[in-house]
Every structure is written in structure tokens, then in C-alpha cells.
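What follows is the residue order along each chain.
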Amino acid sequence: MRIREINAMRGPNYWSVRRHKLIVMVLDLEEMEEQPSNKIDGFRERLEAMFPTMYEHRCSVGTPGGFFERVEEGTWMGHIIEHIALEIQTLAGMDVGFGRTRGYGEKGVYNVVFAYMEESVGRYAAKLSVDICQALIESKDYDLTDDIQKMRELREAERLGPSTGSIVEEAAARGIPWIRLNKYSLCQLGYGANQKRIQATVTSETSSIGVELACDKEDTKFLLEQAEVQTPRGDIIRRESSLEDACKYVGFPLVIKPVDGNHGRGITVNIKNHEDALVAFRSAKESSKSGVIIVEKYITGDDYRLLVINNKLVAAAVRTPAHVIGDGKSTIQQLIDEVNKDPRRGYGHENVLTQITVNDLTESIIKTSGYMLDSVLTKDERLLLKDTANLSTGGTAEDVTDIVHPANVFMAERISKIIDLDICGIDVMTTDISKPLEETGGAVLEVNAGPGFRMHLAPTSGLPRNVAAHVIDKLFPQGASSRIPIIAVTGTNGKTTTTRLIAHLAKMKGFKVGYTTSDGVYIQNRLLMKGDCTGPASSEFVLKDPTVDFAVLECARGGLLRAGLGFHKCDIGIVTNVAADHLGLKGIHTIEQLAKVKGVVPETVLPDGYAILNADDDLVYEMRRSVNCNVALFSMDENNPRIKAMQKLGGISAVYENGYITVCRGEWKLRVIKAVNVPLTYGGRATFMIQNVLPAVITAYVRGFTIDEIKIGLETFIPSPAQTPGRLNLFQFKDFQVLLDYAHNPAGMRALQKFIENIDATVKVGIIAGVGDRREEDTNEIGSVAAEMFDEIIIRQDKNLRGKTEDELIGMLDAGIKMKDPNKKTTIIPNEKEAATFAIKNAKKGSLIVICSDVIPDALDLVQKLKEEEANKLYGFTTDDIPNK
């Protein structure tokens, strides 16, 4: 068995529009293709022995044990690997259940699809499941222990922490989109100009001054004292020589901690003598960047955390450091092991509680208490194992929100304003939080920026508090939008032109537009990324830009199959057409399968949005059945029965009728403009451009643009190398014309054929090429169409070989030409630059040279350079005439 490739879906995809996190592994069974599970002696028994919990896998049988029944009856190894991949993730604490195994279109090759929670774990599980299956086939032992631990470690390294995760989950539950901006906890909530950011529990609205203050315990303490907030008596020192005087001033017992410490690092409590104070001072120094140390009075009582969000107390918890309680028989190590058996404890943040680990600090605390790990505690004796009550070190928390005294609530909310933090955690030491601190002698120990939420989200006891909801309420108050309009465009041909036209219309309306195309990513008409940018990464680039308030995203087949869409929902989804192109790639072998890929875009439209579909294309029209939104149709024929039916229902459509581009609301016609007056249509001669205009017009109309605004937008969208690079770029030389176009598949070539039929020329010369990853019959057809279009053909083939040789592709094109016209004049010049130069240098008067290029920037540069050279010769202009050359 061999893995060909592993892809991770991160958005709506071909396999599932709802389930975004899927691994798609292309698996070649090779010799195992002829060996289903029931043909391998003892396979089921070994599988069941290794994974007894797999009994819960119901599979298509629908009952517990159903999967094992399938194994007994005989199923392919790809199906078994799918279930192994799911099970090993579950064993590692990630309960995933969705899986599919489908044929790839080649004998013995399968798409194995399964869910994941963290991508690195999913990829690891894909490879591991194949290794395990191979071991089961060969009757070899396989120990999963290290692999399960490795997956846990990968998850902890990649996953969002519980605080960030809770905010993201709350946002997602409210339909607010989010994007992870780095491998840590920096996340974007919302899109474009309406985005907010969080990093752990610090938000884009958190005061930087407040964070600076909270991180400087000296300044925090000073401000709180000035505001008459109860704080422990203390002193600030920098040198060890000052320690003795500070201890005398404050008085034992003491707490020593770094001014700039956090998460309990470098803190030592209940110091009772100078020797211990010296050790604590040095420990604090090691954890401090500034070298500034606080020496303050140790306040007895319980450790409380008060959480304030948007200046309101939303949760409170009493925290207890990791500890064990003696039973008079067990050693301290045995007691720790027993505590760690609690099913609520897990590795890292995987469960409500974290397992207690024994490190140097733990051993030091035990030793200070007069014990060793093998010591036996007396019955009911409690021994602390950590010097802080953090849950991440094994501590516990009990929710006490409902018993906090009003005076303490007032104090906490006031502190949040004094320090100027929108989200803060206030550490209080007191014997009873239900009484004012003045009565208990308690004190405020610290104010923390970016406080952890875990103790409130899932306390060891007491009521869990959805504190993340308060963060979202603050970032996106009622009525605030987190989204920007997203227009997604897909189809076989016309995507880029439609995308550019919609972007232009939106720009003319006053929007700050970001858009993606097959030639680059544009932010407010500035090209920021070059190349084919029609995948999810490019979509995210636009949606992450804080200047963009309107997004138009071209979405091609390749990105959809490789990683899914770069967004979860869009406002408008357009499908221009579906024609045979890219078939035979990524397991897509039929035009019906290709239509299903393209159909992902309209399926992601929001319920109040629009799927804009081509009523002249049967496969596109059929997509209306699978959407959950409004549907609008466009057609080049106003008498199309599908358009008539839509009009009877009062729906929205756009048609080309009587020379007009017209929007219809129900049966009412709103004529926008005559097609001949739209520059993009070249006086109405480019009918396929008229077809591209129709969905753009509907888009503008349903987004609230007026008819006049649409008309002006269409009149000002001038086709040119800058505005529409590679889309019918016509260059007028002195005695001939050169047309540059992106036509690269049979459907595109036929559309181009109709256009050039309307151009008068003494001779029409075509420069054509094939693409290596297309089927042979598709490349043959390009040759055949070219034979119909041109009087002379030049075959070039120096780019996009993609697995085939130059000679193979030239042969396929030549064969297609000869199928149509064996006597067609054909010249082979493999290099595109040389081919175009030859055609232009030898052009006959009145001729038309058509360059069909799939690398537009290079072709444009070449044609423009040759046109400049001609101008220089005609007008006697040379580069020597340029000043300061």
C-alpha cells in the first residue's frame, strides 16, 4: 500500500459542505487491491484484539459491531484504514466520527476521507493508520502507546488554549467567522474592515496602557493603594543587599515575586525566615526580565480569582493548589498516582483538570515540608504539591460567583477601570469572599491582563460560566456586523472577467474592494500577489485585510479539491458554466463530478443570500436543488422556459433580450443598457462577454445598486491589458491586429471562435498550446477547434507540461488539427516567445493573429514590447531619445 498524497480540508469542500475539517488521503492499494479483509487469515481477530472499542463503529450496518460485520464479510483496506484513523484519534482524546472511502477513478486507488480536530494529528493519523493496517495484514505486533502520546503532544502544540478556544467557539456559535493568524493564540474574529482580534484573552480593544500596568506589579500596587484598595504591605527591591531591610519593614510571613511575573512563575509564599527569603529572592530574579522584585506581606486565607469583563464581574472561583490527602498507608507518589486516575484529569488541556506532574519544584516543596516522595502521610493530612493554584499545574477550582459580597463586586469592577482593562483577572486572598475585605483582613494580590478562563468554563465543582459570551458581547454589541459582503464566483470559463466586473461595480459604488483572480490578488485595485490566486489562501488574504469592506473571490476547482473554500459562508455564489476541463485530475473524471465540485460554492450561500446560476447550462441549473438560499437565474435567451418559470414565481433573473442587458423582477423588465454600449462586449460581438455581464448585473441589483449605478459601472469597465489582462486584449498594429486571450480549453476556444468570426481579416493565424494535465481527447479537441477557427496554426509548447513531454502535447494538438483538416497549414515553434515573434514579424497585411496563452503576464509583455518596437520604427523614436537613460 502506498499513500500518494494527503490533503487537509479547512473549509466547505467536495466531500462535505458542513464538515470542514477533513483529511483526504489518496491511497494506492497496489497488490492489496485483490485482497479484501475476509481473504486474510485471522485479520478480523487481530483487528478486534487491537481495537476492542471499535465495536462502537456502526458503519453502514447501523448497529454496534456493524463495522466488524463488514470486515467479516469482506471489505477493502481503504475502508479499514478510514476506521483505524478515526479510532486512533479517539484513543488520543479526539473523538471524531465522520469518514468516507470512495473510489478515485483508477483501479485500486481510493480517496480515504476522515475527520480531524487538529491538522497535524490528522496527517499523523493518516500515515499511522496505513502502517497499522500493514502490520495487521502481516500478523506483526504493533504497540500504540508512543503513537497515542505523540498525537496528544501534537494536539497540545497545535490546538488553541481553553480560553482562546472558548471565545472562538462562542463566536462560531453566533455565526461570526474566524481565522487563526499564527500558530499560537492570535485569532481574527469577523472579516475585513469589521474584524476584531484576540490573543488568548487580550482583545484588539484592550488598552495597551492597562496591559503595561498589569504587567508592572509595582505600578499596579501604587495605583491601587492610591485608590484605597486593600493591598498587602510591601516593598520593591532590586538588589539582594536590600532584602534584609525589606523583610524587616514588611514582617514575616512573606511573599516574594517578580514585578513582571505571570502565571505563578517565580512566586514563593509563606516565607518565615531570612534564609528562605534569600532562596525565594534568587528564584524570583531568575523569572524576572526587569530584575525588580516585590516583597510583600503574606495574607492568609483562600486564593480567589475574580473575572471582570467589560467592567462587570462575570465569574469568581476559589482555587486550590495541587495537593494530596493522606490515608495513613500510601506514599506521596502513590497518592499522586491515585489523584491522576481521576477521569477528569488529562494531558495538558484535554480534560477539565490537568494531571499533577512531579518536577523539581514539587520535590522541593515536599522536602521543605519534611517529606520525600516515598513518605507516608498520616490519615487526612493535606500536603500541597505546588506553590500556585493554577489549573495548568494540577490545581482545582470551585465556582463562587453567586456568593461574592456586593462590596467585593464593586471593588473588582472599580479596579478594572482603575487599571483600564476590558478583561482582567483579580487575585484576592481572603478567608471568606462573601464578606467585605475590610472585615476579613483580606487583600488584592494582583491584577492580571489576559486571565485564563478555564477555571470558570469548567470548574472542578460549582456552576460552569460561559464567560466567553461576555467577550463576544463586548466585541460585537447588538447590531454590530462581523462580516463583509462576500461574492464567490466559480465555473469553467468566465470566472475572472465576472469577478473583475463585479469588483469594478462595487468600487464605483464606493466600496473598498478586495478580489482574487487567476492572475493575482488585488486590494483596492492594487496588485499585491501575482499568479493563480483562486484558492483558499488567497481568499483568506482578502478577508484578513482590515481595509476591505467588499470581497469578490474567484474560486477554482483546484483549491476546492486541495483544501476546500477559504470561507464558510458567502452572500452570493455565482456559477458561470460547467464544461469539460481538468477532467482526470484529483479523482474527478466526469463532468457531473466536476459540477459537484463547482456546486460547493452556491451551497455555502447564506439563507438570505443568492445563488446566481446559468439557466442555459443543465448542470448548473440543477444546482438549485441543493442550495438553502434564494436563487436567481441568467440566460442569453429570454424565452428560456427556466427563465419564464422563475419569472412566474416572482424571482429575479437577467437576460439578453432585443439587444439589451435586462434585469427581471418577476415578469417586470428593467432594461439596464444596450449590449453594444458595454465596452466589454466589443460592440456586442463578444456574446460570451455578454453572458459574463449578466450575473454581475444580478449581483449588483440584489446588493441594492440602482440601475443607473449599474449602467455607469458597465460603461466605465474598459477591456484592456490592465483592466482585463488576457481577456480579449486586442492590439492594433499598423497593418494587422493581435488578439491575446486566455482560452485554454475546448469550451473557451469555441467561445473565442464565435468572437473572431465577427472580425474581418485577410488571414487568421492562431498560436495554440496544450496543458499537460488534461485528457488526451481534450487536447485533441483544442486542435480540432483551432482547425475550424484559423487559416494557419502555430503550435507552441514550452509551458505547463505537467507530467507530459513537449513532443507528446504537440503530437496531440497536431492529431486534433488533422482530424478536422489534414491539409491545414501548421508550423511548430515550441517556444512561445519565438512563436509570437515569428507570427508578428511575418504578419500579412490585414491579418489577425490570435495568441491563446495560459501565462498571460509573459505574453502581454511580449506583445506590448513588439508593438512599441513597431511604433519606434514608424515614428523614428529610439531609447536613445529618452533623457537620462
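Look up: the structure comes first, before these words.
The structure reproduced in this document is the subject of the present report. (Residues numbered from 1 in each chain as written. Predicted model: local features only at pLDDT ≥ 70, side-chain atom pairs only at ≥ 80, totals over all residues. Heavy atoms only, no water.)

### Side note on the side chain of E446
What counts is decided by this rule: By definition, any uninterrupted DSSP run of H or I lasting at least four residues is a helix, any uninterrupted run of E lasting at least two residues is a strand, and each is numbered from the N terminus. For the exposure calls, accessible area comes from a 1.4 Å probe over protein chains only, and a residue counts as buried if that area is under 20% of its type's maximum, exposed if over 50%, partly exposed in between. Definition of a polar contact: a pair of N or O atoms within 3.5 Å, with one able to donate and the other able to accept a hydrogen when the atoms are protein atoms, and with sequence-neighbouring residues admitted only if both atoms are side-chain atoms. Residue contacts are defined here by distance: any two heavy atoms, one from each residue, within 4.5 Å place the two residues in contact.
Mapped onto the elements of the fold, E446 is located in strand β21 (residues 443-449). Given a relative accessible area of 12%, E446 falls into the buried group. Looking at E446, its side chain comes within polar contact range of the side chain of K257, at 3.4 Å. Not counting residues up to four positions away in its chain, the partners in contact with E446 are K217, K257, I267, G425, I426 and D427.

### Section: the packing of aromatic side chains
Spelled out, the test is: A pair of aromatic rings is counted whenever rings of Phe, Tyr or Trp (Trp by its six-membered ring) have centres within 6.5 Å, and the orientation is called stacked for planes under 30 degrees apart, edge-to-face for over 60 and tilted otherwise. A ring is considered to have a charge above it if a Lys NZ or an Arg CZ atom is located within 6 Å of its centre and within 35 degrees of its normal.
For the structure shown, the criterion picks out seven aromatic pairs. Between Y14 and W15 the ring centres are 5.1 Å apart and the planes differ by 75°, which places this aromatic pair in the edge-to-face class. On the accessibility criterion, Y14 (13% relative accessible area) is buried. Owing to a relative accessible area of 22%, W15 belongs among the partly exposed residues under this scheme. Centre to centre, the rings of Y515 and Y522 are 4.8 Å apart; their planes meet at 10°, and the pair counts as stacked. Here Y515 and Y522 have matching classes, each one buried. One aromatic cluster is present, formed by F511, F550 and F705 through successive ring pairs. In this structure, K867 packs its charged tip against the face of F733, placed 5.5 Å from the ring centre.

### Thoughts on helix α27 (residues 776-789)
As a reminder, the rule being used: For a helix, the expected span equals 1.5 Å multiplied by the number of residues minus one.
Taking 1.5 Å as the rise per residue, α27 with 14 residues should run 20 Å; its terminal C-alpha atoms sit 20 Å apart, in good agreement. By the criterion of burial, α27 is predominantly enclosed, with 10 of the 14 residues buried. Among the residues of α27, those classed as buried are D778, T779, N780, I782, G783, S784, V785, A786, A787 and M789. Buried positions along α27 lie against α26 (746-756), β35 (764-768), β36 (792-795) and α28 (806-820).

### Side note on the packing of helix α2 (residues 66-73) against helix α3 (residues 77-91)
Going by this rule: Note on geometry: axes are C-alpha line fits, over the in-contact stretch for helices, and angles between N-to-C directions span 0 to 180 degrees. Every angle not falling under 35 degrees, over 145, or within 65 to 115 is termed oblique; those three ranges are roughly parallel, roughly antiparallel and roughly perpendicular. Crossings are assigned a handedness: left-handed for a near helix turned anticlockwise from the far helix by less than a right angle, right-handed for a clockwise turn. Each residue receives one of three labels: charged for Asp, Glu, Lys and Arg, nonpolar for Ala, Val, Leu, Ile, Met, Phe, Trp, Tyr, Cys and Pro, and polar for the others, Gly being one of them.
Viewed as axis vectors pointing N to C, α2 and α3 meet at an angle of 155°, and their least axial separation amounts to 11 Å. Between α2 and α3, the interaxial angle falls into the category roughly antiparallel. Seen from above, α2 lies across α3 with left-handed handedness. Between α2 and α3, the contacting residues are F67, R70 and V71 on the first element and H79, I80 and H83 on the second. A class-by-class count of the residues in the contact of α2 with α3 yields three nonpolar, two polar and one charged.

### Remarks on unusual backbone geometry
For the bond running from F252 to P253, omega is -5°, close enough to zero to count as cis. Considering the arrangement of structural elements, one finds P253 in the loop between α9 (243-250) and β10 (254-258). Although it is not a glycine, Y682 adopts a positive phi angle of roughly 50°. Located in the positive-phi region is L728, a residue other than glycine, with phi close to 55°. Within the element layout of this structure, L728 appears in the loop between α25 (707-715) and β33 (729-732). What makes L728 buried here is its relative accessible area of 0%.

### With respect to the nonpolar core
Basically, it comes down to this: In this text, buried Ala, Val, Leu, Ile, Met, Phe, Trp, Tyr and Cys residues form a nonpolar core when linked through side-chain atoms within 4.5 Å.
The biggest cluster of nonpolar side chains holds 66 residues, and the ones touching the most others in it are L752, F755 and I756. For this core, the element with the most residues is helix α24 (residues 687-702), which contributes 10 residues. If we skip the residues at most four places from it in the chain, F755 touches Y682, R685, A686, F688, L728 and L739. The next biggest cluster of nonpolar side chains, apart from the first, holds 49 residues, and it includes I23, M25, I80 and A85.

These figures come from the coordinates and say nothing about function on their own.
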